[in-house]
Amino acid sequence: MNVLKFGGTSVGSVEALKNVKQIVCSRNESVVVVVSALSGVTDMLLTTSAMAERGDESWLSSFEGIRDRHHQVIDGLKLPAASKKALRATADDLLVSLMSLYEGVFTLKVLPEKTKFEIVSFGERISSQIVSCLIEGSKLYNSLDFIKTTRVEGKVVLDSEVTESLVKSAFKGIAKRREIAIVPGFISTDSASGQITNLGRGGSDYTASIIAAALDAKGLEIWTDVDGFMTADPRIIKTSYVIDELSFAEAMELCNFGAKVIYPPALYPVCPKDIPVYIKNTFNPSAAGTVIRQKSNGSGRALTGISSISDTCVITVSGASMAGIVGIDGRIFNALARNNISVFLVSQSSSETHISLGINETSADLACEVLNREFAHEIAEGSMAPTQLLRDLATVAIVGEKMKSNAGVAGKLFSVLGRNGISIIACAQGTEERNISFVVEKKFLRKSLNVIHDSFFLSEYQELNLFICGVGTVGGNLIDQIASQRSKLMKRHGLKLNVVGIARSTKGIFCRDGIDLATYKEELANGIPLDLAKLRDEVIGMNIFNSVFVDCTASAEVATLYKDFFEHSISVVAANKVAASSDYENYAALKDLAHKRNVKFLFETNVGAGLPIINTINALRNSGDKILKIEAVVSGTLNFIFNTISEDIPFSETVRMAKEQGFSEPDPRIDLSGKDVIRKLVILAREAGYKVNQEDVDANLFIPADFFDCSMEEFWQKLPSLDADFEERRKRLVAEHKHWRFVAKMDAGKFSVSLQEFKEGHSFYVLEGSNNIILLTTERYNKHPMLIQGYGAGASVTAAGVFADIMSIANI
């Protein structure tokens, strides 16, 4: 024999009731079916009560809404005419009684507790009549006859012994006969007076559990409108999924911290008898659901689920006089209890000088008033401070039986929260190590849940949320590469790259659920207007976890945003050289801030496109080596120019070709002036541990200075005038078996860039196309310097280098 409970949504419509009938009638055994009121009816009953109590004449139209709600359901059921007529008559009799109660309340402008209890009982009393009539051959039981309550310190509580005896008597022998018993949930009567009471909101779950425990049922099934307990709130965590199994203890923890799947007290009667509880979906009955039992096999992970309470306040009682004084805690909790104020989190300092309590927003002001009154004497004499109140907070609980056997869970939790810029205001953990609860600012709730869910592998994939700024050749190639690699990364590495923002100079698109990369160009054309401040606000305002700002621009203005992003725990990957080559103090401050905020500032592609130059330098230094000398040919543009120049292709034409083929900057004079190489040398030297600015680099130009002071149009007009001189010098080089290379050099504290000639046999001689080459002389690599060589320019390889930096943030 099983006990099945159907919630308000499960009986709230004609279609839902059809599902209920099908589920119940498919059983080949006796079942007890406990039903809630139709969805929304209990709230309607209470609202109408309040209207009548304050003398609001519109209570009557509200009551008519209750009546119509039930009539619509009854009229929509496919029942024999006589049965439907009888059902409607029964419902109307109950509704007449209800209306009489409302009339009395309206007349007297008073709503006694016993009247309120009786009013809210009509929801289940009518719904059970409907379900009983719908399921032919079923038998309707009146739970007012056997669910009994008593008073303890003024509160209505279950009279367990009396109820168990009456339930056994009422359902005696039911397991031996095939019977469908229909029972209204929630409602009860007082053992002494016989007056109607109830088991509290969610009490239908409790009714079902009480009956299941008393009858030693095989199982308790809670039929609702979700597939089971989820790893997190699916409205916030899109990747949450159903938990197959939970222990009773885990389920209680999740319920007490906001998971509204089952009424927490409903677990108490069945837990000692280890009667399994099944959470099932009335609207998806084939789904496996969640089973709750004494010992759960679980998934093997340390965490089972995450739950949260969004309307949290923290009150703090503090004072030096609290230390070592016995009874302070007792006074705090007794004072709150006398005023029916519930505390769900307690955090106390080891010095005993302050204690913080997590309470609901609705109780906050009263709690402060109560405690200030309780400690008025101590506050007046200055030995204790007035109660402090923090609002706009949220509480998060991570739950799992296996946390106890997995060392480091708390450390990992606080680490991942810190990396994402989330500060913990208060926290608590019991010795059972089943639950770690902590309080954060409410604005960080979504971010907290997402980062925890992702970091503890409750999600199917680890996620990185990317903001890509700049959709030119590098940015466009990067987006294409991400689109082509996403499925492979998800399959092989469990990594999901979620592009949540794409911006160009004047427009942007932002979506926390992810942008469709197949149509982003069309979306961006119709994107929101964007300036620098708006870009900053959109990125920071999304407040999304594991976020990375990817700068594929060459904008100095965009680079000024890095500081704000770091302060909000957003990592930065930059193809943009401006920040890393800016004034040394700014560069050092950005590096230091990123380190302090535990985020990444990566700019590998600033030098050598996709070549692992900066990473190699950092690896050498981190392992204790020292960089003594750097010699580098790192301008793909100039390499292309000097490798392409020939008898048939003059110097001016090679410059034009470099621009057209995307090797040079839009203004090729940046490359020809050596400015780009200077910036790269500065970046390499800084990463090698040297304090240097661009002004410290000797620049030896190979083009007259006046070419850099004119307009672009004049520059292109004048450029062919240099062809003859370059051709003459080129012929000499050919005869001497030499090649030109524009070399950046750091040696003995001196920094320079210059056009040099190299003979056959030198490493720099054989450089082809736009390749780069770097020689690193270190304390370890002294006689034979380390050489790094490869393709060092072009949008696709630069984009690939940016992609590699993104992967390093994901530790892949």
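Here the structure is a predicted model, which means the values were calculated and not measured.

About the thresholds
Residues numbered from 1 in each chain as written. Predicted model: local features only at pLDDT ≥ 70, side-chain atom pairs only at ≥ 80, totals over all residues. Heavy atoms only, no water. Helix = DSSP H or I, 4+ residues; strand = E, 2+ residues; numbered from the N terminus. Rg over C-alpha atoms; globule rule 2.2 N^0.38 Å. Buried < 20%, exposed > 50% of the residue type's maximum accessible area, 1.4 Å probe, protein only. Contact = heavy atoms within 4.5 Å. Areas by Shrake-Rupley, 256 points an atom, 1.4 Å probe, with all protein chains shown as cover. Lys, Arg positive; Asp, Glu negative; His and termini not counted. Charge placed at Lys NZ, Arg CZ, Asp CG, Glu CD. Core = buried A, V, L, I, M, F, W, Y, C linked by side-chain atoms within 4.5 Å. Salt bridge = Lys/Arg side-chain N within 4 Å of Asp/Glu carboxyl O. Axes fitted to C-alpha atoms, helices over the stretch in contact; angles between N-to-C directions. Parallel < 35°, antiparallel > 145°, perpendicular 65-115°, else oblique. Left-handed = near helix turned anticlockwise from the far one by under 90°. Nonpolar A, V, L, I, M, F, W, Y, C, P; charged D, E, K, R; others polar.

**Notes on the overall build of the protein chain**
Here is step 1: If you tally the helices and strands in the protein chain, you get 28 helices and 31 strands.
Here is step 2: Over its C-alpha atoms the protein chain spans a radius of gyration of 37 Å, topping by over 25% the 28 Å that the globule rule assigns to 812 residues.
Here is step 3: Its C-alpha atoms put the protein chain at 115 × 70 × 50 Å along the principal axes.
Here is step 4: Looking at the protein chain as a whole, 54% of its 812 residues qualify as buried.
Here is step 5: Looking at the protein chain alone, contacts between residues at least 24 apart form 71% of all its contacts between residues at least 6 apart.
Here is step 6: When the accessible surface of the protein chain is summed, it comes to about 35,100 Å², and 49% of that surface belongs to carbon and sulfur atoms.
Here is step 7: The averaged location of the 96 negative side-chain charges in the protein chain is 4 Å from the averaged location of its 87 positive side-chain charges.

**What to know about the nonpolar core**
Here is step 1: Counting residues in hydrophobic clusters, the biggest one holds 109 residues, and the most contacted among them are Ile 452, Phe 549, Tyr 562, Phe 651 and Phe 702.
Here is step 2: No other element matches the seven residues that helix H25 (residues 675-687) contributes to this core.
Here is step 3: With sequence-adjacent residues up to four places away left out, Tyr 562 is seen in contact with Phe 549, Asp 551, Val 572, Ala 574, Asn 576, Ala 579, Leu 590 and Phe 601.

**Examining the pattern of salt bridges**
Here is step 1: According to the stated counting rule, one finds 41 salt bridges in the structure shown.
Here is step 2: For Arg 536, the salt bridge goes to Asp 537, with nearest N and O atoms at 2.9 Å.
Here is step 3: A relative accessible area of 42% means that Asp 537 is categorised as partly exposed.
Here is step 4: Between Glu 727 and Arg 730 there is a salt bridge, with the nearest N and O atoms lying 2.7 Å from each other.

**A word on the packing of helix H15 (residues 473-493) against helix H28 (residues 795-809)**
Here is step 1: The contact between H15 and H28 brings their axes to 8 Å, and the two run at 50 degrees. Classified by the interaxial angle, the pair formed by H15 and H28 is oblique. With respect to the hand of their crossing, H15 and H28 are arranged in right-handed fashion. Contact residues: H15 offers Thr 473, Val 474, Asn 477, Leu 478, Gln 481, Ile 482, Gln 485 and Leu 489, while H28 offers Ala 795, Ser 796, Thr 798, Ala 799, Ala 800, Val 802, Phe 803, Ile 806 and Met 807.
Here is step 2: Taken together, the residues of the contact of H15 with H28 sort by class into 11 nonpolar, six polar and no charged.

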